[in-house]
Amino acid sequence: MSKIENSCIIDDDPISVYGIKRTMKKVDFSKTVVVYNNGQDAINGVKAMVEAGEKIPSVIFLDLNMPVMDGWEFLEDFMKIPNANTDNVTIFVISSSVNPEDIIRAKSYEIVNNYIVKPVESNDLIQLLTDYKSS
């Protein structure tokens, strides 16, 4: 199974980030992983990539509850980035929240592919790779 070129984790919890990165490595998920601790750093990073003409991560794992800029604010700002490059991005919301309202709200964003309740497991990533390759 071939892996994704580059992916991104936006999460302020170092234990969560460590777990996701470890699981990604275990299933050979992506060649590179960029990590941001909040939505603002991630927006700044993505904008810098776009301005430099670099390819932005094709898969983003986005936590909802973070300081500075949360996942909801990130989604709003991300959709405003003027670049066709963002059309090739798939966002997976990762959260410990099982609140049905959060799930419905996340899925109301066209760019959000799915909502994954933490922790992210190997089978979640394998399924994502399978779905990604078939799209």
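The structure we're discussing is the one just above.
Because the structure is predicted, anything quoted here is derived from the model rather than measured. Starting from 1, residues in each chain are numbered consecutively following that chain's sequence as written. Where totals are concerned, whole chains, interfaces and linings use all residues; where local detail is concerned, this predicted model gives features only for residues with pLDDT of at least 70, and gives and counts side-chain atom pairs only at 80 or more. Just so you know, side-chain values use all the structure's heavy atoms and leave hydrogens and water out.

Now for the environment of glycine 45. Helix numbers and strand numbers start at the N terminus; a helix is a DSSP run of H or I with at least 4 residues, a strand a run of E with at least 2. As for its placement among the helices and strands, glycine 45 is situated in helix α2 (residues 39-51). Accessibility here uses a 1.4 Å probe with only protein chains present; expressed as a share of the type maximum, an area under 20% marks a residue as buried, one over 50% as exposed, and anything in between as partly exposed. In this structure glycine 45 comes out as buried when scored by relative accessible area, which is 13%. Residues glycine 45 and alanine 106 lie 61 residues apart in sequence; the distance between their C-alpha atoms is 22 Å.

In this section: the nonpolar core. Throughout, nonpolar core names a set of buried Ala, Val, Leu, Ile, Met, Phe, Trp, Tyr and Cys residues whose side chains join them through atoms within 4.5 Å. In terms of nonpolar packing, the biggest core is built from 27 residues, with Ile10, Ile60, Phe74, Phe78 and Ile91 touching the most fellow members. Secondary structure elements with two or more residues in this core: β1 (4-10), α2, β3 (59-63), α3 (71-78), β4 (90-95) and β5 (112-117). When residues in this core are grouped by element, the largest group, five residues, is from α2. We call two residues contacting when some pair of their heavy atoms lies within 4.5 Å. Not counting residues within four places of it along the chain, the set of residues in contact with isoleucine 10 comprises Tyr36, Asn38, Gly39, Ala42, Ile60, Phe61, Leu62, Asp63, Met66 and Phe74. Formed by 16 residues, the second largest nonpolar core is a distinct cluster that contains Phe61, Ile94, Leu125 and Leu128.

Further remarks concern unusual backbone geometry. In this model, lysine 118 is joined to proline 119 through a cis peptide bond whose omega is 0 degrees. In this structure, valine 68 is a non-glycine residue whose phi angle is positive, near 70 degrees. Mapping valine 68 onto the fold places it in the loop between β3 and α3.

Aromatic pairing here means that ring centres of Phe, Tyr or Trp (its six-membered ring) are within 6.5 Å. Orientation follows from the plane angle: under 30 degrees is stacked, over 60 is edge-to-face, and everything else is tilted. On inspection of all chains with the given rule, the structure shows four aromatic pairs. Residues phenylalanine 61 and phenylalanine 92 carry aromatic rings whose centres are separated by 5.8 Å and whose planes lie at 25 degrees to one another, so their mutual orientation is stacked. Taken as a pair, phenylalanine 61 in strand β3 and phenylalanine 92 in strand β4 lie far apart in primary sequence, 31 residues in all. Phenylalanine 92 matches phenylalanine 61 in its accessibility class, with the two residues each being buried. Put simply, the rings of Phe29, Phe61 and Phe92 pair up and form one aromatic cluster. Taking the ring centre of tryptophan 72 as reference, the NZ or CZ of arginine 105 above it sits at 4.0 Å. In our convention, an over-ring charge means Lys NZ or Arg CZ found within 6 Å of a ring centre and within 35 degrees of that ring's normal.

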